[in-house]
Structure formats: C-alpha cells, structure tokens
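# A structural walkthrough
Listed here are the chains, written in short residue letters.
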Amino acid sequence: MNGEGEWTYRCSLCRDFKTREHFHSDNSKPPFNLAYNCKECRKNAEDRPPILLDWEQEQGYMTLERLGYNIKEDIHKQFIDKISKKYGVSFAE
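Residues numbered from 1 in each chain as written. Predicted model: local features only at pLDDT ≥ 70, side-chain atom pairs only at ≥ 80, totals over all residues. Heavy atoms only, no water.

### Comments concerning helix α3 (residues 75-87)
Our working rule: Counting from the N terminus, the helices are the DSSP runs of H or I reaching at least four residues and the strands are the DSSP runs of E reaching at least two. Multiplying one less than the number of residues by 1.5 Å gives the expected span of a helix. Residue burial is assigned from relative accessible area. The probe radius is 1.4 Å, only protein chains are included, and a residue is buried under 20% of its type maximum, exposed over 50%, and partly exposed in between. This arc is built from the directions going out from the helix axis to the C-beta atoms.
Its 13 residues place the ends of α3 18 Å apart at the C-alpha level, agreeing with the 18 Å of an ideal helix rising 1.5 Å per residue. Among the residues of α3, Q78, I80 and S84 are the ones counted as buried. The buried side chains of α3 occupy one side of the element, clustering within an arc of 160° when seen end-on. The exposed set on the far side of α3, more than 90 degrees from its buried face, consists of K86 and Y87. Taken from the residues just after α3, G88 is the one with a positive phi, measuring 65°.

### A closer look at the nonpolar core
So the rule is basically this: The definition of a nonpolar core used throughout is a set of buried Ala, Val, Leu, Ile, Met, Phe, Trp, Tyr and Cys residues joined through side-chain atoms within 4.5 Å. The contact definition used throughout considers only heavy atoms, calling two residues in contact when any of these lie within 4.5 Å.
In terms of nonpolar packing, the biggest core is built from 6 residues, these being Y9, C11, F23, L34, C38 and C41. In this structure F23 touches Y9, R10, C11, K18, L34, A35, Y36, N37, C38 and K39, once residues within four positions along its chain are discounted.

### Observations regarding a nonpolar patch on the surface
Cut-off, in case you're wondering: Only residues above 30% relative accessible area that lack a salt bridge enter a patch, with like-charged residues linked at up to 9 Å and the nonpolar side chains Val, Leu, Ile, Met, Phe, Trp and Tyr linked at up to 5 Å. Note that accessible areas follow from Shrake-Rupley with a 1.4 Å probe, and for residues the cover is restricted to the protein chains shown. Salt bridges, as used here, are contacts in which a Lys or Arg side-chain nitrogen is within 4 Å of a carboxyl oxygen on Asp or Glu.
On the surface, Y87, V89 and F91 cluster together into a nonpolar patch covering about 300 Å² of accessible area. Exposure remark for F91: the relative accessible area of 38% places this residue in the partly exposed category.

### Some remarks on the side chain of S84
Quick note on the threshold: Side-chain atoms alone can form a polar contact between residues adjacent in sequence; in general such a contact is a pair of N or O atoms within 3.5 Å, and within protein one must be able to donate a hydrogen while the other accepts it.
With respect to the element layout, S84 can be found in helix α3. A distance of 2.8 Å separates a polar side-chain atom of S84 from the backbone oxygen of I80. When residues no more than four places from it in sequence are discounted, the contact partners of S84 are V89, S90 and F91.

### Quick notes on the packing of aromatic side chains
Inclusion rule: Stacked, tilted and edge-to-face are the three classes assigned to paired rings of Phe, Tyr and Trp, where Trp is represented by its six-membered ring and a pair needs centres within 6.5 Å; plane angles under 30 degrees give stacked, over 60 edge-to-face, the rest tilted. Criterion for a charge above a ring: Lys NZ or Arg CZ within 6 Å of the ring centre, and within 35 degrees of the ring normal.
Under the counting rule described, the total for this entry stands at 2 aromatic pairs. Plain terms: the ring middles of Y9 and F32 are 5.4 Å apart, the flat faces sit at 65° to each other, and that makes the pair edge-to-face. With Y9 in strand β1 (residues 8-10) and F32 in the loop between β3 (23-25) and β4 (34-38), this pair connects stretches of sequence that are 23 residues apart. With a relative accessible area of 15%, Y9 lands in the buried category. Residue class for F32 comes out partly exposed when judged on its relative accessible area of 48%. Put simply, the rings of Y9, F23 and F32 pair up and form one aromatic cluster. For the cation-ring pair, K82 lies above Y69, with the distance from its terminal atom to the ring centre recorded as 4.3 Å.

Structure representation (structure tokens):
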C-alpha cells in the first residue's frame, strides 16, 4: 500500500510500484484483473526489443539462418521479398 492507503501493483517491465489506475483492466488475469505491464510500458513496448535471454536470442538467430535469412539485414524486408517471389504478389509498404 502507498501512503494514502491505496493498493499498489508492480509492473513486470519497469518494476515500479503503481496504483490501479496506471494499469489496464484485464479480466483474464485474476485475482486482481489487471494487465501485467503498466499503461506507460505497454504504450512504449513497440519501441523496445523483446526481452530475451542470451540463449533464446541465439536460438532465434540460428533458426532464421537455417531458414535462409541474413540476420545482419532487415528480416522483415527479406520476408516480404521471399513471399512476393513465392506467390508472385506485391506488398505495399
């Protein structure tokens, strides 16, 4: 609880303790029915790379290389190019 007697909840990304209004409601997450990440972290999550352990990242890179991707170049662009060639369609970017 904070100084005003309100319950506080910890964000799983920034690890800060915040009051209920700083979190989105999510009825699939009992018992508190709150999202695990605060609104600010959830909003900024698109700008952040995913949090992976080193071995998880290595496995991901190895899988991409086995699939024929060059991990030093833009993976999304390579994927769009492969799909365009395979199906003969053009994707607007």
